[in-house]
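Architecture at a glance
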Amino acid sequence: MSDETVRLSVVGKVVRRRWRALLLLAVIGAGVGAGASAVLSPGYEAQSSVLLQGPRQPDELLTEAQVATSSVVLDRASAALGLGVRGTDLQKSVAASVAQGNVVTITAKGSTPERSQQLADQVAGEFVKYSTQLLGNSADQAAQLAQQQKESLRQQIVQTNQRILDLSKSVANGDTVEGVQARTTLQGLRTALEQAVNNLNAADAATGAGNMVVLGPSERPSSPSAPTFLQLTVGGAVLFFVLGILAYLFGARTDRRPRSEGEIGSALGAPVLASIDTPAASHAPAKWWRKAVGNDRPWNLPEVPASADDAAREVRYRRVLARLGADRDGVLRLLILVPSGDASARNVAEQFAGTARGDRIRVEVTVTEIEVVPGAQPIVPDGTAGVLVVISLGSRNAWELVSIAEACADSGHEILGAVLAREVHVAGGPKQKPVAKRTDELAGAR
């Protein structure tokens, strides 16, 4: 089986055993995405384009884009539309950018298509009016200066043409030194003439550089712009769902507690005799929410087959006791060790003690709780009885299991085996049936 197949099977197990918790996370993520849409969703967007005629430098275009979103332009647009807000407040809803071809694109956002279209058109109109007004304040001085430059350039052109004509007449023979010099001078004059003509054309173009034209009304948007309310809601649900799966996988990856019978038996130095189910406690009001979302039992533990009823469970207890054998006098002296705080293991140990009181099995059972703390060896009472370790499946790490085995060896006990307990949820509660005490069944289990 490839690694990818294994990963997919693990993800499938997480989804199958934690689907209610993942569904709850998806609902929470959808709510977060819906709330975020009030801030992140732009609503409807409309664009209006303004053409700036004449040659423009890149810095000039950027300056015009900043003018389009200035507070003066936006104040005028707000007043014209009767929005009742300041221009600084509209700066969050209006943006301007420079496109190719000397075009300034104004983008307006609104809660409705009509409002975004009206805002884009109004800002474009106010931008053109304001820029024209700024240029009109200095139009006279600019026109006078341009006229002087034109006259100077025209005179230079006339003089250059006359000089070229004179040189052309003075050159009689092109093969002499004087002819070569004259042609060189003539070439320089032609270059100066071309430069003068270019400057004159630039001056003529600069005269109309201040003209701006709105390229028609903006198009009314037909749908909200991304990210929309639906996109953010679905995206939040998917994001939280995936994060939930990753969180479960990361928790299982960092959890080093053994979960298989072979690993637990190796740590204890004794065989695992059985994995016994015990009905989950139903009198825990503080855990109702965990049960509601299906998070009340580990998802990464192997499945333990549930017993049909109490009678079937007691038969499994008797079989485990029968496998342990007895001392020379026919009595099984057994010390059952249960880690403190392990309710499931404690319940199974008490069931073993109750089963041992039966008249067909001679067992002397003592149930003792031990404090298992990481980094410290637990205290086990002295004696020579065999030890049966009862722990919940996946509740202890390997070092804690090794410390239990060392504590038993120090106190003179031999670990005969281990029993793994795991809570199971039985629909309708555990079924109560009389125990069928069959000697032949117990004999076959020995």
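Residues numbered from 1 in each chain as written. Predicted model: local features only at pLDDT ≥ 70, side-chain atom pairs only at ≥ 80, totals over all residues. Heavy atoms only, no water.

The next subject is the overall build of the protein. Secondary structure summary: the protein contains 15 helices and nine strands in total. Across the protein, contacts joining residues at least 24 apart in sequence account for 83% of those joining residues at least 6 apart. Surface accessibility of the protein: about 25400 Å² in total, with carbon and sulfur atoms responsible for 54%. (Helix = DSSP H or I, 4+ residues; strand = E, 2+ residues; numbered from the N terminus. Contact = heavy atoms within 4.5 Å. Areas by Shrake-Rupley, 256 points an atom, 1.4 Å probe, with all protein chains shown as cover.)

Here the focus is the nonpolar core. Ranked by size, the top nonpolar core spans 23 residues in total, and within it Val50, Ile106, Val123 and Phe127 carry the most contacts. For this core, the elements supplying multiple residues, two or more each, are β1 (44-52), α3 (58-68), α4 (71-81), β3 (103-110) and α6 (113-137). When residues in this core are grouped by element, the largest group, seven residues, is from α6. Counting residues in each nonpolar core, the second largest holds 22 residues, with Leu268, Val372, Leu401 and Leu420 among its members. (Core = buried A, V, L, I, M, F, W, Y, C linked by side-chain atoms within 4.5 Å. Buried < 20%, exposed > 50% of the residue type's maximum accessible area, 1.4 Å probe, protein only.)

All right, on to the UniProt feature "transmembrane region" (unreviewed entry) in the protein then. Here, UniProt's "transmembrane region" (unreviewed entry) annotation points to residues 21-40 and 229-250. Here residues 21-40 runs as 100% helix and 0% strand, with 27 Å between its end C-alpha atoms. Segment residues 229-250 splits into 100% helix and 0% strand. End C-alpha atoms: 31 Å apart. (UniProt positions renumbered as here; feature names shortened; annotations may be inferred.)

It is worth spelling out the packing of aromatic side chains at this point. Tallied over the entire structure, the rule returns one aromatic pair. Between Tyr317 and Phe352 the ring centres are 5.0 Å apart and the planes differ by 55 degrees, which places this aromatic pair in the tilted class. With Tyr317 in helix α12 (residues 310-324) and Phe352 in helix α13 (residues 343-356), this residue pair connects regions lying 35 residues apart in the sequence. With relative accessibility at 3%, the residue Tyr317 sits in the buried group. Phe352 gets classed as buried once you look at its relative accessible area, which sits at 0%. (Phe/Tyr/Trp six-rings, centres within 6.5 Å; stacked < 30°, edge-to-face > 60°.)

For the structure on display, the rule yields eight salt bridges. When the shortest N-O distance is used, the salt bridge between Arg86 and Asp89 registers 3.8 Å. According to the relative accessible area criterion, Arg86 is exposed, its value standing at 57%. Exposure remark for Asp89: the relative accessible area of 40% places this residue in the partly exposed category. One salt bridge in this structure joins Arg220 and Glu114, with 3.7 Å as the shortest N-O distance. Pair noted here: Arg220 is in the loop between β4 (212-214) and α9 (229-254) and Glu114 is in helix α6, with a separation of 106 residues, a long-range link. When salt bridges that share partners are traced, they join Asp277, Arg313 and Arg316 into one network. (Salt bridge = Lys/Arg side-chain N within 4 Å of Asp/Glu carboxyl O.)

What follows covers the sheet that holds β3. Pairing between the strands of a sheet comes from backbone hydrogen bonds, and it takes one of two forms, parallel or antiparallel. Judged by pairing direction, the sheet is antiparallel, and its four strands sit side by side in the order β2-β3-β1-β4 without closing on themselves. Unpaired on one side and paired on the other, β2 (94-99) and β4 mark the two borders of the sheet. Each strand axis lies, on average, 25 degrees off the axis of its neighbour in the sheet, ignoring direction. Contacts from α3 reach β1, β2, β3 and β4 within the one sheet, and its direction differs from that of β2 by about 160 degrees. (Pairing = 2+ DSSP bridges. Axes fitted to C-alpha atoms, helices over the stretch in contact; angles between N-to-C directions.)

Any two packed helices are characterised by the angle at which their axes cross and by the distance between the axes. Where helix α2 (residues 19-40) meets α9, the closest approach of the two axes is 6 Å, and the angle between their N-to-C directions is 140 degrees. The angle between the axes of α2 and α9 places the two elements in the oblique class. Crossing of α2 against α9: the hand is right-handed. (Parallel < 35°, antiparallel > 145°, perpendicular 65-115°, else oblique. Left-handed = near helix turned anticlockwise from the far one by under 90°.)

Checked against the element boundaries, Ser218 lands in the loop between β4 and α9. With a relative accessible area of 4%, Ser218 lands in the buried category.

Along an α-helix, residues three or four positions apart point the same way, because every turn accommodates 3.6 residues. Over its 15 residues, α12 runs 22 Å from end to end, which matches the ideal 21 Å to within 8%, given 1.5 Å per residue. Along α12, the residues classified as buried are Ala311, Arg313, Glu314, Val315, Tyr317, Arg318, Val320, Leu321, Ala322 and Leu324. Gly325 sits one or two residues past α12 and shows a positive phi near 80 degrees. (Expected span 1.5 Å × (residues − 1).)

A few words now on the environment of Ala26. Here Ala26 shows up in helix α2. Looking at Ala26, the relative accessible area reads 15%, which means it is buried. A sequence separation of 207 residues divides Ala26 from Thr233, and the C-alpha atoms of the two residues are 9.7 Å apart. Once residues within four sequence positions are removed from consideration, Ala26 is found in contact with Ala237 and Phe241.

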